[in-house]
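Commentary on secondary and tertiary structure
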Amino acid sequence: MCFMRTRCSMDEYYPVVAMIINRKGSDVNELSVYALAANDGGIQHLSSFSEPGPLALDISEIPQLDGFALLFRAGDILFVDLREPKDICCTIRISITGSLIGGQISVEDSCRGLDVDDDVAACALLELRDSGNNIMMDDNYMAIDGVDNAGSMKSRIICSWSWEPDAVRGRPRLIFCLDDGEFHTLEFNWDIEGVKVLPERVHRGLPCRPLLWMNRGMIAGFVEMGDGMILQLEHGRLVHKSAVQNVGPILDLAIADYHGEKQDQMFSCCGMCPEGSLRVIRNGINVEKLLRTEPIYQGVTGLWTLRMKRTDTYHSFVILAFVEETRVLSVGLSFNDISDAVGFQPDVCTLACGLIADGLLVQIHSKGVKLCLPTTYAHPEGAPLTSPVSVVWYPDVTISVGAVGQNMVAVATSNPCCLYILRVRSLSSFQYELYETQHVQLQYEVSCISIPEEDSKLRTVSSAVGGGDVRKRKGNNLAAKVDVRMFAVIGTHKPSVEVVSLEPEEAFRLLSIGSMSVNNAFGAPISGCIPENVRFVASERFYILAGLRNGMLLRFESDTSKDHYFPGSFYKDSFTPCVNTPLQLIAIRHIGITPVGLVALRDSANADIIVLSDRSWLLHASRHSLAYSSISFLPASHVTPVSSVDCPSGLLFVAENCLHLVEMVHGKRLNAQKFSIGGTPRKVLYHSDSRTLLVMRTGLTGASCSSDIVQIDPNNGILLSRFKCEPGETARCIQIAKIGSEQVLIVGTSKSNDHPMMPNGEAESIKGRLIVLSLDTLGSPRESSSFIPTSNLSSSSHTGSFPEIVGYATEELSSNSMCSSPDDVCYNQIQLEQMTGHLRSLTHVTFAGAVLAVYPYLDRYVLAAAGNTLCVFGFVNENPHRMKKYAVSRTRFTITCLKTYASRIAVGDCRDGLLFYSYNESLRKLELIYADPAQRLVGDVALLNCETAVVSDRCGSISVLSCPRLEVSESPEKNLAVHCSFFMGEIAMSIQKAAFRYRLPIDNETDPVLESAYNCVVASTMLGSVFVLIPLTSEEHYLLQDVQERLSVHQLTAPLLGNDHAEFRRRGIPSGVPSILDGDMLVQFLELTSEQQQTVLDAAPSGKGPPRSISIFQVMRTLERVHYALN
């Protein structure tokens, strides 16, 4: 329905709405108009319009043409005149049933109205997917488990549309997408002869729903089961600009390094035919690795990049400091040593360096400060001399730290504790002098110095408070810029963070100070609380970051008046008394156990900051409190931004004694690399011995088979080997098992493309097979496979079929990283004779039902579920060629999943929920041990131990079921108890048990690791989400439950629309069952300031009496453990 502007007087009817009505049991679809009567405020029916014709699906008012609307129907579009809502008429019919390739839509004058095509009506009312996928062709809750047969519709349907936002007056334009992927535009031109419609075909691609026409001709299209796209309308054609990441649905998930090792990546089966893909999901912000040097950079103590002039776009020099050496390299994809041409002293360890003025570089080392003017060999704008110009300033004592700013140098000594301020002046051509302007003795030794960029600081200060606000407060924007004192931020051994004035005409002045007294609360010695790095940040309000030597990160802020961005002491001409203002400690975070380094991404006071400790983090400077994300890269000791022609936004890391040139990929919701795989990837397994993936695919378009199992190299998406199912056979499940000393792959199939079960949950009479494939001949990825050359091949054209070779074949899978153009394809050519192995069938067994689940059992058996039958198979003399059936049991409904833990067997079916079985080897009998207390449409299950399972259902919930051991006389019916539940609102299709050792680096390594640390669960959903469930102790749960209740009602963290958080997360959960805590709600606590955190904890949930006292330290410690482990 849509609102309409009509000729009705607002005093009579307003507003007016037109809606399409499909009455139950009626063969006629009608357009009805309703309005709100002005006299009595009641809704009145004005008229209806119905005539025989196709099914109407949607209606839209035409912008700028008041009273006219478009009625979108199956196969055509009607131009409807509703200016007189009591007398509706249709004047133009636009047919869209032309040729699928190249045919233009046609426009006809006048038409008759509406009726119903039964087939199209059924499809539309069920909200069908794209015509290439029939996964919801019937109203069946198990439809996602179906196959990918190509469906066809009698009429072409408009699946999405959007109006041009800034169309020419009197000429509105519409873009719409058909269900076959054709994009068309309609232009409506109003003149004295009436309305003229100008259709045009502009693109053919994937069907999008919805479309959004944005400004400047940009159009966003979203694909239901694949990546969306950003298009631009240029010269009557849509041009692809970039992709919009969409990993949903995730049909299966595999976790690498499962057995107690580092959980660094996941492999997921995403999307459906024709947009099925394999995604490698990694934690943190993705980086593109551009260059890695040889491991020749041992003992690096400092890393910087410098420009020749402040206005230069790109950096010119890379400075590397070692214990007793300094090197200067040129910037580019190759690093050349130009130390002699720059003038830095090579036989010392550089403590700091920088650009003091255009063309003048400064090196600070323990013995002095050196000013250098490089030659033209080092830079085209250098001095035209044979050797660089240099001037040295020597203090009487050893320099410990220093910093370089615009036209100034600050250095500090340790014995005595002094601070020196140096400046530079020109004496003559190529002659300069470094001279001391200030010298002050301090009470405590300086541990670090940071001088904000002068122009960056002032620019961001004015923009942070808004140009208009500055003018109102200060009279003009210029006054606000020049009024701020020059200052530096220093860290001391007190320990403290101090802001000191560097004004040349003033005596040394302390502007602000922030003391640290965190050693008692966090159990760290006072020496560990000394700042290692400090930085001034100008955001919505200014703050100071301090990275400590014990791995902690602190944020300090200062109270300011409404008329000033800084405290009064920061202004030269201020009526506020010039007394130093205390800095308040706002937030504390544990980053690691090594000293924390702070490196800005740009020469700007509001730039995001890379935080270095045990690992690399990206701190978001504009966020409140301390908000940071992990960077998906090796642990690094140093980093610096580097900008060159070839890499304008690069980062240079020092890790593993190498220099790594990388580029961060921003704007991605998920760090995932994509390999277009063809068909629908249903299952994926990680084979640890060969370090490759085994993927089960369905919906293939080849003539020889529609389903197969392939081995893929996860580094580059190259296919290594393949097993093809028989014609008409579909693979349903795969699992790796070990029989004796040989590894095998167990495959379950169905001999039909039809659904394996009826809508009521009973099994269809479809035959299936249990196939055993050998894995001993699997080849490992070649050493060279880590290098991925690229070529500009279109991914759409790179979908050739396999050669007809049973067992293995060569194929290239297109790879598309979201940071590059979607047309860039990773391409590695592998010849057939280079294949190191193939998937070879050893034996198979035929069943009367489709084999939907298989799983290894006790390292010597294989479980298989065919329909409602559960079978136990063994191998005679551990021979994988000789498979024998040992036991059979039956359930009431179709079995959908199997998992095992030790001797326990968990069976999930599509109605009776979760069932626990045990196998008696002596009697060769399957025994039912536990049963689900309620009916449950099981999605997947994971066993944590013999008594506890995590199960998902097709209603969007996930639950933990457990039960104590049974008494001998106790009945096995309904004896499982729901331990806790959580309503996700999404259907989890895959649940995997994982291990996360969620312990902070500062925790005592001698503490025993709880068994619960290895009982974590990872679940992937139909909407593309990944949920991680981590067990907590009862004390931790009780603590965080109180925090969650407070967060869910606090104005800063409550749901945006004011919904009841507890009611939503408990939806469908029986009364009395505890709810699993919501990590998304709790993690907001980490993003609050200390004051806001205390406000949240002091608030009492309504109706629960006075709040119990909760320590911020306890909450932060618990949440940071989880946050650190998952990031």
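About the cut-offs
Residues numbered from 1 in each chain as written. Predicted model: local features only at pLDDT ≥ 70, side-chain atom pairs only at ≥ 80, totals over all residues. Heavy atoms only, no water. Helix = DSSP H or I, 4+ residues; strand = E, 2+ residues; numbered from the N terminus. Contact = heavy atoms within 4.5 Å. Areas by Shrake-Rupley, 256 points an atom, 1.4 Å probe, with all protein chains shown as cover. Salt bridge = Lys/Arg side-chain N within 4 Å of Asp/Glu carboxyl O. Buried < 20%, exposed > 50% of the residue type's maximum accessible area, 1.4 Å probe, protein only. Pairing = 2+ DSSP bridges. Expected span 1.5 Å × (residues − 1). Axes fitted to C-alpha atoms, helices over the stretch in contact; angles between N-to-C directions. pLDDT = per-residue confidence, 0-100. Polar contact = N/O pair within 3.5 Å; in protein donor to acceptor, adjacent residues only side chain to side chain. Arc of directions from axis to C-beta. Phe/Tyr/Trp six-rings, centres within 6.5 Å; stacked < 30°, edge-to-face > 60°. Lys NZ or Arg CZ within 6 Å of the ring centre and 35° of its normal.

**Some words on the overall build of the protein**
Of the regular secondary structure elements, the protein holds 11 helices and 76 strands. In the protein, once contacts between residues fewer than 6 apart in sequence are set aside, the share between residues at least 24 apart is 55%. Here the protein displays about 47,900 Å² of accessible surface, and carbon together with sulfur accounts for 49% of that area.

**Regarding the pattern of salt bridges**
On inspection of all chains with the given rule, the structure shows 34 salt bridges. Through salt bridges with shared partners, a single ionic network connects Arg156, Asp180, Glu182, Arg201 and Arg204.

**Side note on the environment of Cys2**
Summarising the element assignment, Cys2 is placed in strand β1 (residues 2-4). Measuring from C-alpha to C-alpha, the distance between Cys2 and Ser60 comes to 6.1 Å, with 58 residues separating the pair along the chain.

**Describing unusual backbone geometry**
Residues apart from glycine generally show negative phi values, whereas peptide bonds are mostly found in trans. Across the junction of Cys273 and Pro274, the peptide omega takes the value 10°, indicating a cis bond. Of note, the phi angle at Phe430 is positive, near 60°, even though the residue is not glycine. As for its position among the elements, Phe430 is in the loop between β31 (417-428) and β32 (431-441).

**Structural notes on the pairing of strand β62 (residues 851-857)**
Burial analysis of β62 places 6 of its 7 residues in the buried class, which makes it a mostly covered element. Examined bridge by bridge, β62 and strand β63 (residues 861-866) share 6 bridges and lie antiparallel to one another. In the strand pairing of β63, Ala853 is matched with Ala865. The hairpin formed by β62 and β63 contains 3 residues between the paired strands, and Leu858 there has a positive phi angle of roughly 55°.

**Notes on helix α7 (residues 1034-1047)**
Between its first and last C-alpha atoms α7 spans 20 Å; for 14 residues at 1.5 Å apiece the expected length is 20 Å, and the two agree. For α7, the set of buried residues is Glu1036, Leu1039, Leu1040, Asp1042, Val1043, Gln1044, Arg1046 and Leu1047.

**Focus: the sheet that holds strand β71 (residues 948-953)**
If you trace the 4 strands from one edge of the open sheet to the other, you get β70-β71-β72-β73, paired in antiparallel fashion. Looking along the sheet, the strands with just one partner apiece sit at the ends: β70 (938-943) and β73 (977-983). Taking the axes of each pair of neighbouring strands and ignoring which way they run, one obtains an average angle of 20° across the sheet. Sheet topology places β70 next to β71; 5 bridges connect them, and they run antiparallel. The residue of β71 that forms the bridge with Asp940 is Ser952.

**Some thoughts on the confidence of the model for the protein**
Parts of the model with low pLDDT should not have their predicted coordinates read in detail. Across the protein, the average pLDDT comes to 77, with 78% of residues at 70 or higher. Segment residues 519-524 is flagged for pLDDT under 50; beyond a separation of four residues in sequence, or across chains, it makes 10 contacts in the model. Predicted confidence is poor over residues 783-836, with pLDDT under 50, and the contacts of this stretch with residues over four places away or in other chains come to 122 contacts.

**Description of the side chain of Ser613**
As for its placement among the helices and strands, Ser613 is situated in the loop between β43 (609-612) and β44 (616-619). A polar contact of 2.9 Å, which involves the side chain of Ser613, links it to the backbone oxygen of Thr594.

**Some words on the environment of Ser1025**
Structurally, the position occupied by Ser1025 is in the loop between β75 (1016-1021) and β76 (1026-1029). Exposure remark for Ser1025: the relative accessible area of 21% places this residue in the partly exposed category. Placed 355 residues apart in sequence, Ser1025 and Leu670 show a C-alpha to C-alpha distance of 9.8 Å. The contacts of Ser1025, once residues within four sequence positions are left out, are Ile250, Glu986, Ala1019 and Ser1020. Among the polar contacts made by the side chain of Ser1025, one reaches the side chain of Glu986 at a distance of 2.9 Å.

**Thoughts on helix α10 (residues 1090-1098)**
For α10, the full list of buried residues reads Gln1093, Val1096 and Leu1097. Angular distribution of buried residues about the axis of α10 spans 95°; they occupy a single face of the element.

**What to know about the side chain of Thr640**
For Thr640, the position within the fold is in strand β46 (residues 638-642). A polar atom in the side chain of Thr640 sits 3.1 Å from the side chain of Thr305.

**Quick word on the packing of aromatic side chains**
Per the counting criterion, the structure on display carries 16 aromatic pairs. Here the aromatic rings of Phe916 and Tyr930 are separated by 5.5 Å at their centres, their planes lie at 45°, and the arrangement is tilted. One end of the pair, Phe916, is in strand β68 (residues 914-920); the other, Tyr930, is in strand β69 (residues 925-931), and 14 residues separate them in sequence. Classification of Phe916 as buried rests on a relative accessible area of 0%. Every member of this aromatic cluster is reached through a ring pair, and the members are Phe68, Phe79, Trp163 and Phe188. Stacked on the ring of Tyr435, the Lys or Arg Arg425 has its end atom at 4.0 Å from the ring centre. The ring of Tyr543 has Arg555 lying over it, and the distance from NZ or CZ to the ring centre is 3.6 Å.

**A closer look at the sheet that holds strand β37 (residues 531-538)**
Sheet strands associate in pairs through backbone hydrogen bonding, adopting either a parallel or an antiparallel arrangement. A sheet is described by the order of its strands in space; here 4 strands give the open sequence β37-β38-β39-β41, paired in antiparallel fashion. Each edge of the open sheet carries a strand with a single partner, namely β37 and β41 (584-590). With strand direction ignored, the average angle separating the axes of adjacent strands in the sheet is 20°. Here strand β39 (residues 552-557) pairs with β41 via 6 bridges, running antiparallel. Along β41, the bridge assignment pairs Arg555 with Ala587.

**Some thoughts on the environment of Glu445**
Examined against the element boundaries, Glu445 turns out to sit in the loop between β32 and β33 (446-450). As a C-alpha pair, Glu445 and Pro416 span 29 residues in sequence and 8.2 Å in three-dimensional space. The contacts of Glu445, once residues within four sequence positions are left out, are Ser414, Cys417, Gly491, Thr492 and His493.

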